[in-house]
Amino acid sequence: MKTSKIYVAGHRGMVGSAIVRQLKAAGHDNIVTRTHDELDLTHQAAVNDFFVKNKPEEVFLAAAKVGGIHANNTYPADFIYQNLMIEANIIQAAHANDVQKLLFLGSSCIYPKAVPQPMREDALLTGVLELTNEPYAIAKIAGIKLCESYNRQFGRDYRSVMPTNLYGPGDNYHPENSHVIPALIRRFHEAKVNNAQSVTIWGSGTPKREFLYVDDMAAASVHVMNLSKASYDQHTQPMLSHINVGCGYDVTIKELAEAVRKTVGYQGEITFDSTRPDGTPRKLMDSSRINALGWQTKVDLETGLGLAYADYQKNHV
């Protein structure tokens, strides 16, 4: 309902801010948010107190500690602890305060490293995870299972969506802790400004990745949240309740680098450092479930990269 009181956890993050934009565009004006300084989501008592006082009717759980390969490798304890605490505290507080509808946002890294492509929802827990982000992946799997368990034991309607790699406005452009698209945008922009002759990229350039513009992900999140319970349940199972969200095609890192170079207007060369880790060879989501539920992506990679670079120039240069 347009009048429902909606709590968006992580509203300053890339996904959370896009969900807020999407909700406001759809006419929702009763949106509750809190910054990290106002509410530390790793503190159980503070989170429950927030729910007691504010009584949200719906929750979008987009808050998370996120980062690229380097960040996941360097801070594994931070990634597993903070994400476990955030999701456990919010989901339990939602249940304790009788919130019936909640949407948890996970990650495509929940799937095994050697999973058949494209990755189907039923591939979850069928193999070994990618080592570089295993702690983060385990936390996200726990979030799915938390939602499932509250549904099974208490009859809640807590849903989970698993986005592919996201990019767009609000992204993190940190030189060491960012994901691949913002990292490439920053590096190519700085190389252009400094007239650098070449840019070296980690890995061989051969791994394939799927990328989804963040406002498409926000639209998918709101779409899934608004589905009737009957239609959602028709496409899920009590022990397999998450839904993939992707654009349906992938590109190699080399192809991505060329596309970002073109978007930024950098004229120099691209070289690849194959001594650096590649990560998973391929990550493409099977998004047939959400497509069958009436959602399709709208923003192609070329258009999305242009929008992302414009945001970087406006807010980060």
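Placed above this text is the structure.
Keep in mind that what you see is a predicted model, and the values were worked out from it rather than measured.

J.: Where do I start with the pairing of strand β1 (residues 6–9) in this structure?
T.: Two faces make up the sheet, and in a regular strand the side chains alternate between them. Of the two faces of β1, the one holding I6 and V8 and the one holding Y7 and A9 are both buried throughout. Bridge count for β1 against strand β2 (residues 31–32) is two bridges, and the pairing is parallel. Along β2, the bridge assignment pairs Y7 with V32. What joins β1 to β2 is helix α1 (residues 14–25), and the crossover it makes is right-handed.

J.: I tried to follow the sheet that holds strand β11 (residues 251–252) on my own but got confused; where do I start?
T.: Picture the strands of a sheet paired through backbone hydrogen bonds; they go either parallel or antiparallel. The sheet built from three strands is open, its strands ordered β11-β8-β13 with mixed pairing. Each edge of the open sheet carries a strand with a single partner, namely β11 and β13 (282–283). Note: strand β8 (residues 208–209) against β13, two bridges, orientation parallel. For K208, the partnering residue across the bridge sits in β13 and is R282.

J.: I would appreciate a short explanation of the side chain of E130 in the present structure.
T.: Structurally, E130 can be placed in the loop between β4 (101–105) and α5 (134–154). Owing to a relative accessible area of 8%, E130 belongs among the buried residues under this scheme. A distance of 2.9 Å separates a polar atom in the side chain of E130 from a polar atom in the side chain of T132. What E130 contacts, discounting residues up to four positions off in sequence, is K113, G279 and T280.

J.: Can you help me understand the pattern of salt bridges in this one?
T.: Side chains that carry opposite charge are capable of pairing whenever their charged atoms lie near each other. Taken as a whole, this structure holds 14 salt bridges when the rule is applied. Note that D215 and R21 form a salt bridge whose closest N and O atoms lie 2.9 Å from each other. With D215 in helix α7 (residues 214–226) and R21 in helix α1, this pair connects stretches of sequence that are 194 residues apart. The shortest N-O distance in the salt bridge between E130 and K113 comes to 3.6 Å. Here the residue E130 occupies a position in the loop between β4 and α5, and K113 occupies one in the loop between β4 and α5, the gap between them amounting to 17 residues. One salt-bridge network, held together by shared partners, links K208, D250 and R282.

J.: In this structure, what is going on with the sheet that holds β4? I would like to understand it.
T.: Ordered in space as β2-β1-β3-β4-β5-β10, the six strands form an open sheet in which the pairing is parallel. The strands lining the two open edges of the sheet, one partner per strand, are β2 and β10 (242–245). The pairing of strand β3 (residues 58–61) with β4 spans four bridges and is classified as parallel. Paired with V59 across the strands is L102, a residue of β4. The sheet contacts of α1 involve β1, β2, β3 and β4, and relative to β1 the element is tilted by about 155 degrees.

Parameters and conventions
Residues numbered from 1 in each chain as written. Predicted model: local features only at pLDDT ≥ 70, side-chain atom pairs only at ≥ 80, totals over all residues. Heavy atoms only, no water. Buried < 20%, exposed > 50% of the residue type's maximum accessible area, 1.4 Å probe, protein only. Helix = DSSP H or I, 4+ residues; strand = E, 2+ residues; numbered from the N terminus. Pairing = 2+ DSSP bridges. Right-handed = clockwise from strand over helix to strand, strands pointing away. Polar contact = N/O pair within 3.5 Å; in protein donor to acceptor, adjacent residues only side chain to side chain. Contact = heavy atoms within 4.5 Å. Salt bridge = Lys/Arg side-chain N within 4 Å of Asp/Glu carboxyl O. Axes fitted to C-alpha atoms, helices over the stretch in contact; angles between N-to-C directions.

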